[in-house]
Amino acid sequence: MVSMKERKYDVAIIGAGVIGCSLAYYLTTRGINNVVLIEKEEFPGTGSTSKANGGIRAQFTTEPHVQMSLLSMRLLEEMDEEMQSQARYVKAGYLFVTARSENFKKLKELVQFQQRLGVAVELLDKSQIEAGYTYLRTDDLVGGSYGKQDGFIDPGGLTYAYYSRALARGVQFLANTRATGLLFKENRVYGVKTDKGDVLAELIVNAAGPYAAVVANWANVSLPLEPVKRNIGVTGPTPDFPNPIPMTIDLDTGLVIRREGEGCSMAWADPDEPPGFNLQFDPNFIEKIAPKMEKRFPKLMEAGINFSKCWAGLYPETPDHHAILGESGVSGFLLATGLGGHGVMHAPAVGFTLSEFIATGQSTTLDLAPFTLQRFKTGKLNIERAVL
Ligand SMILES: Cc1cc2nc3c(=O)[nH]c(=O)nc-3n(C[C@H](O)[C@H](O)[C@H](O)COP(=O)(O)OP(=O)(O)OC[C@H]3O[C@@H](n4cnc5c(N)ncnc54)[C@H](O)[C@@H]3O)c2cc1C
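Residues numbered from 1 in each chain as written. Predicted model: local features only at pLDDT ≥ 70, side-chain atom pairs only at ≥ 80, totals over all residues. Heavy atoms only, no water.

*Asks:* Would you mind showing me how to read the domain arrangement of the chain here?
*Replies:* Many analyses report the size of an interface as the accessible area lost when the parts associate. Here the chain is partitioned into domain 1 (8-52 + 155-224 + 319-378) and domain 2 (91-151 + 227-315). At the boundary of domain 1 with domain 2, total buried surface from both sides reaches about 660 Å², with 67% on carbon and sulfur atoms. Interface area lost by domain 1 to domain 2 is led by Lys 51, Pro 210 and Tyr 211, which between them contribute 59%. Summed over the shared surface of domain 1 and domain 2, the result is zero salt bridges. The tally of links from domain 1 across to domain 2 stands at two residue pairs in polar contact (both at pLDDT 80 or more). (Domains from an automatic or database assignment. Buried area = accessible area lost by both parts, 1.4 Å probe. Salt bridge = Lys/Arg side-chain N within 4 Å of Asp/Glu carboxyl O. Polar contact = N/O pair within 3.5 Å; in protein donor to acceptor, adjacent residues only side chain to side chain.)

Below, the structure written as structure tokens:
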């Protein structure tokens, strides 16, 4: 038997979340099968990936994000039947609504921008929303937008689709193995120290999600990445709501709802949430969002809250809300992290383009320049405004 130290991999990926698993899978599609996934937990996809809301949308405010979503959607469509049934891409749409004229004006410009980039999105007036979406309060609305390619995917299913295919093609999965440092020779990283021994590889990829800044530190690389908690409240049964409903966003309050089991889930970005690794559901969350529920989704107030189903998880956040992909500045050490609140939906595109970069030295499918670590040095950041 070859010991961990004797075997040398082409690529070692730290972290088997949806990003690490997607990358492992797409590497095998390019003939790079001598790959290892190093994961501190027993199973893949139990970190942020397991906490995701499962939304997928192309309604973003920056071109790199729109392009990444469109590529992900195309890759999901092109998956074979078995992978598609695991990923469960359901085009239930994303519906943004507003009761404010100034927000509607911005939405109008945004829809034009997205349409120019090829997004299937349309502007809706008040009467269209009234006619199509009876579960929300509409009397005060000005209008909204609806993206019909948008919808949902199953975060665990997508991760498993990538993971199981990657393993079938020879990728090794080191479960319950915590990376604790990196191995250097002449300023080049050539392996990963773990609590089970050293793992040697030609290339190491940091896909540690919210922990990626800790991992990068081992190479003296400073990542502008913080773990930021997001809470998800879940109501009791909502039998009057259609199933599914689109991911529905009240632009004026920031409240986001979708169907979740027999009820609905509610997400909201709390601006007072300090960065940190705290995973406890905020006991005051429902109190904070109650006025927002009442304003736009009054029917939810009748459903009550199912506290046993509420949860919280971590966004691996960056200052401009774009991922950090590619070169780290240290030879042999790449980055695949900082996906914030869109890591599941962008995982197909990230795995596809980064594997192309690793295999060929460039990415022709999608320009990775907007996602480099170097962008933070220029000070010219292209900030994503549609952060949910
Ligand atoms: C409440 C919530 C809702 C969300 N909703 C959506 C959504 O609707 N749509 C969407 O696209 N995204 C959503 N996201 C974001 C999405 O979940 C993340 O962007 C995505 O899961 C990041 O994937 P990852 O693989 O980078 O991180 P992770 O899934 O966290 O994977 C990183 C892995 O690295 C492992 N690891 C860390 N350190 C080490 C170490 N030292 N050694 C070994 N292993 C290590 C961890 O155990 C983990 O398994 C949501 C997130 C949250 C919290």
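*Asks:* Could you clarify how one ought to interpret the nonpolar core in this entry?
*Replies:* Note on soluble globular proteins: their nonpolar side chains tend to be buried together. Among the nonpolar cores identified, the biggest contains 74 residues, and Val 11, Ile 13, Leu 37, Leu 158, Leu 325 and Ile 358 are the most heavily contacted of them. A per-element tally of this core places helix 10 (residues 343-360) first, with nine residues. In terms of domain composition, this core takes at least three residues from each of domain 1 (8-52 + 155-224 + 319-378) and domain 2 (91-151 + 227-315). When near neighbours in sequence (up to four residues on either side) are disregarded, Ile 358 contacts Val 11, Leu 23, Leu 27, Ile 32, Leu 203, Val 205 and Leu 334. Among the nonpolar cores identified, the runner-up in size contains 26 residues, and Ile 38, Val 189, Val 221 and Leu 373 belong to it. (Core = buried A, V, L, I, M, F, W, Y, C linked by side-chain atoms within 4.5 Å. Buried < 20%, exposed > 50% of the residue type's maximum accessible area, 1.4 Å probe, protein only. Helix = DSSP H or I, 4+ residues; strand = E, 2+ residues; numbered from the N terminus. Contact = heavy atoms within 4.5 Å.)

*Asks:* Can you help me understand the packing of aromatic side chains in this one?
*Replies:* Working definition: an aromatic ring pair is given by the centre-to-centre distance plus the angle between the planes. Applying the stated criterion across every chain, the model contains 13 aromatic pairs. Considering the side-chain rings of Tyr 26 and Tyr 162, the 5.6 Å spacing of their centres and the 55° angle between planes classify their relative orientation as tilted. A residue pair is termed long-range when its members are at least 10 positions apart, and Tyr 26 in helix 1 (residues 18-29) and Tyr 162 in helix 6 (residues 155-168) qualify at 136 residues. The class of Tyr 26 is buried, set by a relative accessible area of 6%. Here the aromatic rings of Tyr 26 and Phe 352 are separated by 5.6 Å at their centres, their planes lie at 80°, and the arrangement is edge-to-face. Here Tyr 26, found in helix 1, pairs with Phe 352, found in helix 10; they are 326 residues apart in sequence, far enough to count as distant. Per residue, the accessibility class of Tyr 26 equals that of Phe 352, and both read buried. One aromatic cluster in this structure is built from Tyr 25, Tyr 26, Tyr 162 and Phe 352. Over the ring of Phe 352 we find Arg 30, and its NZ or CZ is 4.7 Å from the ring centre. A cation over a ring is seen here: Lys 40 above Tyr 211, with NZ or CZ 4.9 Å from the ring centre. (Phe/Tyr/Trp six-rings, centres within 6.5 Å; stacked < 30°, edge-to-face > 60°. Lys NZ or Arg CZ within 6 Å of the ring centre and 35° of its normal.)

*Asks:* I tried to follow helix 8 (residues 285-296) on my own but got confused; where do I start?
*Replies:* An α-helical segment advances 3.6 residues per turn. Residues three or four places apart therefore align on the same side. Taking 1.5 Å per residue as the helical rise, helix 8 with its 12 residues ought to reach 16 Å, and the 17 Å between its terminal C-alpha atoms agrees with that figure. Three or more residues of helix 8 are buried, namely Phe 285, Ile 286, Ile 289, Lys 292, Met 293 and Arg 296. Projected onto a plane normal to the axis of helix 8, the buried residues spread over an arc of 125° and lie on a single side. In helix 8, the exposed residues that point more than 90 degrees away from the buried face are Glu 287, Pro 291 and Glu 294. (Expected span 1.5 Å × (residues − 1). Arc of directions from axis to C-beta.)

*Asks:* Would you take a moment to explain the side chain of His 322 for this structure?
*Replies:* With respect to the element layout, His 322 can be found in the loop between strand 16 (311-317) and strand 17 (324-327). Taking relative accessible area as the criterion, His 322 reaches 1% and is therefore assigned buried. Within polar-contact distance, the side chain of His 322 engages the backbone oxygen of Asp 320 at 2.9 Å.

*Asks:* When you look at the site of the ligand in this model, what are you seeing that I'm missing?
*Replies:* Of all residues adjacent to the ligand, which total 38 residues, the nearest are Glu 39, Thr 49, Gly 55, Gly 340 and Met 345. Contact distances for the ligand include 3.2 Å between an oxygen atom and a backbone N or O atom of Ile 19. A distance of 2.5 Å separates an oxygen atom of the ligand from a polar atom in the side chain of Thr 49. Against a free-state accessible area of 1000 Å², the protein chains account for coverage of 97% of the ligand. Contributions of two or more residues to the shell around the ligand are made by helix 1, strand 12 (226-234), strand 16 and helix 10. Looking at the shell around the ligand element by element, the count peaks at four residues for strand 16. Of the residues assigned to the shell around the ligand, the class counts are 17 nonpolar, 15 polar and six charged. Two domains share the shell around the ligand, each providing at least three of its residues, namely domain 1 (8-52 + 155-224 + 319-378) and domain 2 (91-151 + 227-315). (Near = heavy atom within 4 Å. Areas by Shrake-Rupley, 256 points an atom, 1.4 Å probe, with all protein chains shown as cover. Nonpolar A, V, L, I, M, F, W, Y, C, P; charged D, E, K, R; others polar.)

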